[in-house]
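Descriptive structure summary
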Amino acid sequence: FFAWPARQRPARAGEGCARMADFSGGSMSSGGGSMAGMGADLGTLDEPVTETIMRDLRMVGNKMLCVLNPRKANMQTLKNWDLWGPLVLCLTLATLLSWFAPYEQKSLVFASVFVIVCCGATVVTVNALLLGGNISFFQSVCVLGYCIFPLNIASVICLIGGPLIWRLTVVA
């Protein structure tokens, strides 16, 4: 379709504005759907949907592993923020906690959990930025959203039931 000039690459999220490609010296071809000159991570418009979904699921899984084992976490993995994983984790937690609530309170529990998690992540992020933290707003919200994953595991274990000792161990 078009090629980026040599020694330039398009800006990624948070890097500022992208430079425009120089179209003055060449013609644009009308065939093909590939994006010549672009890297594999930037030219994903022509990849199959299943490949895109699997790539995103692997990325979410890697971030969940980083939260579960922060000592072996790759910091670059956490710097590439996304909001799909935190949204799914927040919705999962809200659904799990409202599952066994009384019928009249199901929607109240769901909404309360969702709002508390979202507002809490926003307040912590703004606080970190006001204190001079070197982190973007969405990166902080992403990391805080993935930190809900252990709560999801604990809520699944508690909802499944089992001995009281096991549930007290999970909650403690």
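See the structure printed just above.
A few points on the structure. Computed from a predicted structure; not experimentally measured. (Residues numbered from 1 in each chain as written. Predicted model: local features only at pLDDT ≥ 70, side-chain atom pairs only at ≥ 80, totals over all residues. Heavy atoms only, no water.)

Concerning the nonpolar core
If you look at the biggest cluster of nonpolar residues, it comprises seven residues: Val60, Met64, Val67, Leu89, Cys142, Tyr146 and Phe149. Mapped onto this core, the elements with two or more residues apiece are helix 1 (49-68) and helix 5 (137-146). Among the elements that line this core, the one with the most residues is helix 1, at three residues. Once residues within four sequence positions are removed from consideration, Phe149 is found in contact with Met64, Leu68 and Leu89. (Core = buried A, V, L, I, M, F, W, Y, C linked by side-chain atoms within 4.5 Å. Buried < 20%, exposed > 50% of the residue type's maximum accessible area, 1.4 Å probe, protein only. Helix = DSSP H or I, 4+ residues; strand = E, 2+ residues; numbered from the N terminus. Contact = heavy atoms within 4.5 Å.)

Looking at the pattern of salt bridges
The final tally for this structure, using the stated rule, is three salt bridges. Residues Glu47 and Arg55 are paired through a salt bridge, measuring 2.6 Å at the closest nitrogen-oxygen approach. The class for Glu47 is buried, based on a relative accessible area of 18%. The closest approach of N and O atoms between Lys63 and Asp82, which form a salt bridge, is 2.7 Å. On the criterion of sequence distance, the pair formed by Lys63 in helix 1 and Asp82 in the loop between helix 2 (75-79) and helix 3 (84-99) is long-range, its members being 19 residues apart. Just as Lys63 is buried, Asp82 falls in that class too. Taken together, the salt bridges that share partners define one network made up of Glu47, Arg55 and Asp56. (Salt bridge = Lys/Arg side-chain N within 4 Å of Asp/Glu carboxyl O.)

Considering the packing of aromatic side chains
Evaluated as defined, the whole model comprises two aromatic pairs. Judged by centre distance (5.0 Å) and plane angle (25 degrees), the rings of Trp81 and Phe138 are stacked. Separated by 57 residues along the polypeptide, Trp81 in the loop between helix 2 and helix 3 and Phe138 in helix 5 bring together distant segments of the chain. Residues Phe137 and Phe138 carry aromatic rings whose centres are separated by 5.4 Å and whose planes lie at 80 degrees to one another, so their mutual orientation is edge-to-face. Taking relative accessible area as the criterion, Phe137 reaches 31% and is therefore assigned partly exposed. The exposure class assigned to Phe138 is partly exposed, which follows from its relative accessible area of 38%. Ring-pair connections join several aromatic residues into one group, and the members of that group are Trp81, Phe137 and Phe138. (Phe/Tyr/Trp six-rings, centres within 6.5 Å; stacked < 30°, edge-to-face > 60°.)

Section: the layout of surface pockets
Reported here for the second largest pocket is a volume of approximately 210 Å³. Lining of the second largest pocket is provided by 13 residues; of these, Leu83, Pro86, Leu87, Cys118 and Val141 occupy positions nearest its centre. Elements represented by at least two residues in the lining of the second largest pocket include exactly helix 3, helix 4 (106-130) and helix 5. If one sorts the elements of the lining of the second largest pocket by residue count, helix 4 sits on top with five residues. Within the lining of the second largest pocket, the residues separate by chemical class into eleven nonpolar, two polar and no charged. (1 Å grid on protein atoms, 1.4 Å probe; cavity = no way out; pocket = protein on both sides within 12 Å on 5 of 7 lines; lining within 4 Å. Points joined across faces, edges and corners; volume = space filled by probe spheres on them. Nonpolar A, V, L, I, M, F, W, Y, C, P; charged D, E, K, R; others polar.)

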